[in-house]
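# A structural walkthrough
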Amino acid sequence: MQSMEEIYQTYAKMVYKYLLSLTHSRDIAEELTQETFYQAVRSVDRFDGSCAVSTWLCAIAKHQLSSYRRKHPPTECVEELDGAADSAESAALAAAERVDLLKRLHQCPEPFREILYLRLFGDLSFREIGEIMGRTENWARVTFYRGKERLRKELDENGAKDSL
């Protein structure tokens with residue numbers, strides 16, 4: 001097995017992107033990434049090699065996120081839109097469409113939901129998503145495409161604009 005320093009250098013960015021896709025907060029993702037590697041160092045002797053290192057780290061990261069969410073219950077807030085809006089009306093309409101898209105995305109069944117989050121918000125490659133999910137890159141591509149098409153069809157049926 002690689003040294004923990006090599007593991008950190010290889011996987012820190014991927015773990016950060018994974019957590020960013022789940023939290024939508026750079027600060028929280030950064031904090032949880034550090035906590036993930038701290039826990040990995042503490043439990044490296046229990047890693048048996050039965051899965052990829054990236055899968056093991058993402059499992060630790062997901063556990064750290066669950067622990068964080070128990071300690072910090074979410075509060076509802078609307079994020080400001082990136083860039084300046086032409087008017088208050090267009091800003092409100094764009095925000096409503098974004099919220100609607102996120103609601104529909106949240107209602108997608110697994111594994112579509114997680115893959116869509118990882119790709120759209122985490123900006124992870126299909127190879128990285130495949131590693132995280134313990135599947136192939138091709139499986140991640142196909143599942144993302146199917147999830148995107150499912151979401152697009154639902155948005156079209158409800159008269160929403162093409163947001164994907």
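To be clear, the structure that these remarks concern was listed above.
Note that this is a predicted model, so its numbers are computed, not measured. (Residues numbered from 1 in each chain as written. Predicted model: local features only at pLDDT ≥ 70, side-chain atom pairs only at ≥ 80, totals over all residues. Heavy atoms only, no water.)

## Quick word on the pattern of salt bridges
- Tallied over the entire structure, the rule returns five salt bridges.
- The salt bridge partner of Glu-137 is Arg-141, with a shortest N-O separation of 3.0 Å. Here Glu-137 and its partner Arg-141 are both found in helix 7 (residues 137–157), four residues apart, which amounts to about one turn of the helix.
- When its relative accessible area of 35% is taken as the criterion, Glu-137 is described as partly exposed.
- Look at Arg-141 and you get partly exposed, because its relative accessible area is 40%. (Salt bridge = Lys/Arg side-chain N within 4 Å of Asp/Glu carboxyl O. Helix = DSSP H or I, 4+ residues; strand = E, 2+ residues; numbered from the N terminus. Buried < 20%, exposed > 50% of the residue type's maximum accessible area, 1.4 Å probe, protein only.)

## Remarks on the packing of helix 1 (residues 4–23) against helix 3 (residues 53–71)
- Contact geometry for helix 1 and helix 3: axes closest at 10 Å, N-to-C directions at 40 degrees. Classified by the angle between their axes, helix 1 and helix 3 sit oblique to one another. The element helix 1 and its partner helix 3 pack so that their crossing is right-handed. Judged by residue contacts, Ile-7, Tyr-11, Met-14, Val-15, Tyr-18, Leu-19, Leu-22 and Thr-23 of helix 1 engage Val-53, Ser-54, Leu-57, Cys-58, Ala-61, Lys-62, Leu-65 and Arg-69 from helix 3. (Axes fitted to C-alpha atoms, helices over the stretch in contact; angles between N-to-C directions. Parallel < 35°, antiparallel > 145°, perpendicular 65-115°, else oblique. Left-handed = near helix turned anticlockwise from the far one by under 90°. Contact = heavy atoms within 4.5 Å.)

## As for the packing of helix 1 against helix 6 (residues 126–133)
- For the pair helix 1 and helix 6, interaxial distance at closest approach is 11 Å and the crossing angle is 80 degrees. Judged on the interaxial angle alone, helix 6 and helix 1 are roughly perpendicular. In this structure, helix 1 uses Tyr-11, Met-14 and Tyr-18 to contact helix 6, whose residues at the interface are Glu-128, Glu-131 and Ile-132.

## Observations concerning unusual backbone geometry
- Cis geometry marks the peptide bond from Glu-110 to Pro-111; its omega dihedral reads 0 degrees.
- Among the structural elements, Pro-111 can be located in the loop between helix 4 (88–107) and helix 5 (112–120).
- You will see that His-24, though not glycine, has its phi angle at about 60 degrees, which is positive.
- Residue His-24 is classed as partly exposed on the basis of its relative accessible area of 36%.

## Looking at a negative patch on the surface
- A grouping of Asp-27, Glu-30, Glu-31 and Glu-35 is seen on the molecular surface, where their side chains present a negatively charged patch.
- By the secondary structure assignment, Glu-31 is in helix 2 (residues 26–43). (Patch = residues over 30% accessible without salt bridge, like charges linked within 9 Å, V, L, I, M, F, W, Y side chains within 5 Å. Areas by Shrake-Rupley, 256 points an atom, 1.4 Å probe, with all protein chains shown as cover. Lys, Arg positive; Asp, Glu negative; His and termini not counted. Charge placed at Lys NZ, Arg CZ, Asp CG, Glu CD.)

## Looking at helix 7
- Taking 1.5 Å per residue, 21 residues should reach 30 Å; helix 7 reaches 30 Å between its end C-alpha atoms and fits that length.
- Within the sequence span of helix 7, burial applies to Ala-140, Thr-143, Phe-144, Gly-147, Leu-151 and Leu-155. Relative to the axis of helix 7, the buried residues are bounded by an arc of 105 degrees and lie together on one face. Turned more than 90 degrees from where helix 7 packs its buried face, Asn-138, Arg-146, Lys-153 and Glu-157 sit exposed. (Expected span 1.5 Å × (residues − 1). Arc of directions from axis to C-beta.)

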